[in-house]
Every structure is written in structure tokens, then in C-alpha cells.
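Structure assessment
Now for the letters of each chain:
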Amino acid sequence: MIFLFKAKDASGRTKDGEVEAINQDLAIQAIQKSGLVPLSISEKEKTPSILKDFKRIMEGVKAKEMVIFFRQLSTLIESKVPIVPALQALEEQTDNQYLRIVIREMESDIRDGMSLSEALSKHPQVFNRLTVSMIRSGEMSGNLQKAISYIADSIEKNYEMASKVKSALFYPMFVVGASLIIGFVVITFVLPKLTGVIKDMAIEVPWYTKLLMVTGDFMNKYWWAVLIAIIGGIGGLI
């Protein structure tokens, strides 16, 4: 936990600061050991859940950022850096505000006695069950660094595969999208003019021609409603 404190030094000057400790009693002891007399102390408030959810919706955590996180964490652990200092270093380096909040909460949980896998499991929006299980297996077997490195490799391979699939689907999606736009314009603006000529001729037409005439008249009057429905449907599907 992180505690905010106000204390006096030997010269009587007031000093504000923060200290890390498991509980408030140990925090007071730490302040006293540094030669200060504590006046007030309180636990630092965690990031409000509303702000955290807002950051998650606005930023989220991309696969590339997850690869960098686990790759760097693996390197730090391999260099014998303890988990909490390693997470602190990663928190300072990341530009993603939501990921920074998650890492900070993980640091606090690990200081309180949780394992890394338990701290990860509290953030299912970022770390899936497979990742948590692999970290737990690495902790139990003593191969945490290898487990983290394997996770980084796995996420990177999935990211590269997803990128290739998106690139392969881009052209077909562009063709389908362009066809739908052209079809909408033709039915809404061109078809009513053609069917208008048939109406002026006052001749008997087949049922499918009548259907086209009705469709053209409807689209000409209510194209805006159809457009809103299409946009809403696409948004809902996404």
C-alpha cells in the first residue's frame, strides 16, 4: 500500500510525502526511522473505477503493447530484478494510461502478499485465463521467466497472424463496401427516374417491375431512414 503523510523533521519544518508499507503501523515506523515525527498519515486513494473504465474504453490494451510488456518483464526477471521494481519500471515506460493503472494496482496487490498470477487474475479485461494459468504454472515450477517469454512469443505470433488476415480482407471489404454504396445511390436516385418513365407510359408491367417501382419510390422518400438503419446496424454489429 502507499500512504500519504505529513511529518516534522528535526528542525521543526513540516514535510509532505508518501511511503510504501504493508499496513499503517509499518508505514509509521518507516517514517520514524527516517528521522521524522509523523503528524498525519492516510492511505493513498486508488484510481476511481469510473476513471479506470473510461481509460479502458478510450485506450484499452493493444496486442503490440502486451507483447512489449511481457517481453520487457521477461528480460527484467531474467536479470534477477524483483517483481515489484520490475513492474515499477514498466509502469514508468508505458504510454498507455489504462495499462499504467493496471500495473500500479498489480504492484499494490503483490506488496500485500499476492502472487503475480493472482494479481493478473484481477484484470480479466487485460489478461485472459490462459495467460494467468501459464504464469501460475511458471511460479509453481520455478520457470516464471520462461513462462512469461512464451506468453510474449504467443501473443506476438497471434498479432502477426491477425495483421495478415486484416491485410488479406482489406481489398474484399473495400469492394463490398463500394458495391453497397453504388447500389444505394442507384436505387435511391437513378431507379426512381427510370420507373417514372414507365409510369408515364401507362402500360402493364410484370410484378417484378412493379416491385422495382415501389422500391424506388420508397427509397426516394425515405432514403435517410434507411441510411440511419444501415449505419445503426453496422455500429451494433461492431
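Everything numeric here is computed off the predicted structure, so don't read it as measured data.

1. What about the sheet that holds strand β1 (residues 2–8)?
The 3 strands are arranged β2-β1-β3 in an open sheet whose pairing can be described as antiparallel. Looking along the sheet, the strands with just one partner apiece sit at the ends: β2 (14–20) and β3 (37–43). Each strand axis lies, on average, 25 degrees off the axis of its neighbour in the sheet, ignoring direction. As judged from the 7 bridges shared by β1 and β2, these two strands associate in the antiparallel manner. Residue pairing for β2: A7 is matched across the bridge by K15. Its contacts with the sheet place helix α1 (residues 24–33) against β1, β2 and β3, and it is angled at close to 145 degrees to β3.

2. With respect to the packing of aromatic side chains
The full count for this structure, using the stated rule, is 6 aromatic pairs. Measuring from centroid to centroid gives 5.1 Å for F69 and F70, while their planes differ by 75 degrees, and the two rings are edge-to-face. This pair shows no difference in class: F69 is buried, exactly as F70 is. With centroids separated by 5.6 Å and ring planes inclined at 80 degrees, the aromatic side chains of W207 and Y208 adopt a geometry described as edge-to-face. Taking relative accessible area as the criterion, W207 reaches 65% and is therefore assigned exposed.

3. So, the packing of helix α4 (residues 83–93) against helix α5 (residues 97–111)
Their axes nearest at 9 Å, the elements α4 and α5 cross at an angle of 165 degrees. With respect to each other, α4 and α5 are oriented roughly antiparallel. Relative to α5, α4 is oriented so that their crossing is left-handed. Across the interface between the two elements, I83, V84, L87, Q88, L90, E91 and E92 of α4 pack against R100, I103, R104, M106, E107, I110 and R111 of α5. A per-class count over the contact of α4 with α5 returns 7 nonpolar, 1 polar and 6 charged.

4. Details of the pattern of salt bridges
When their charged atoms lie close together, side chains carrying opposite charge are able to pair. Scanning all chains against the criterion turns up 6 salt bridges. Two residues, R13 and D9, come together in a salt bridge whose shortest N-O distance is 3.5 Å. For D9, a relative accessible area of 22% puts it in the partly exposed group. For the salt bridge of R71 with D153, the shortest nitrogen-to-oxygen distance reads 2.7 Å. Of this pair, R71 sits in helix α3 (residues 63–78) while D153 is found in helix α8 (residues 144–201), placing the two residues 82 residues apart along the sequence. Ionic contacts of the salt-bridge type, sharing partners, join the residues R71, D153 and E156 into one network.

Here is what the cut-offs are and how they apply
- Residues numbered from 1 in each chain as written.
- Predicted model: local features only at pLDDT ≥ 70, side-chain atom pairs only at ≥ 80, totals over all residues.
- Heavy atoms only, no water.
- Pairing = 2+ DSSP bridges.
- Helix = DSSP H or I, 4+ residues; strand = E, 2+ residues; numbered from the N terminus.
- Axes fitted to C-alpha atoms, helices over the stretch in contact; angles between N-to-C directions.
- Contact = heavy atoms within 4.5 Å.
- Phe/Tyr/Trp six-rings, centres within 6.5 Å; stacked < 30°, edge-to-face > 60°.
- Buried < 20%, exposed > 50% of the residue type's maximum accessible area, 1.4 Å probe, protein only.
- Parallel < 35°, antiparallel > 145°, perpendicular 65-115°, else oblique.
- Left-handed = near helix turned anticlockwise from the far one by under 90°.
- Nonpolar A, V, L, I, M, F, W, Y, C, P; charged D, E, K, R; others polar.
- Salt bridge = Lys/Arg side-chain N within 4 Å of Asp/Glu carboxyl O.

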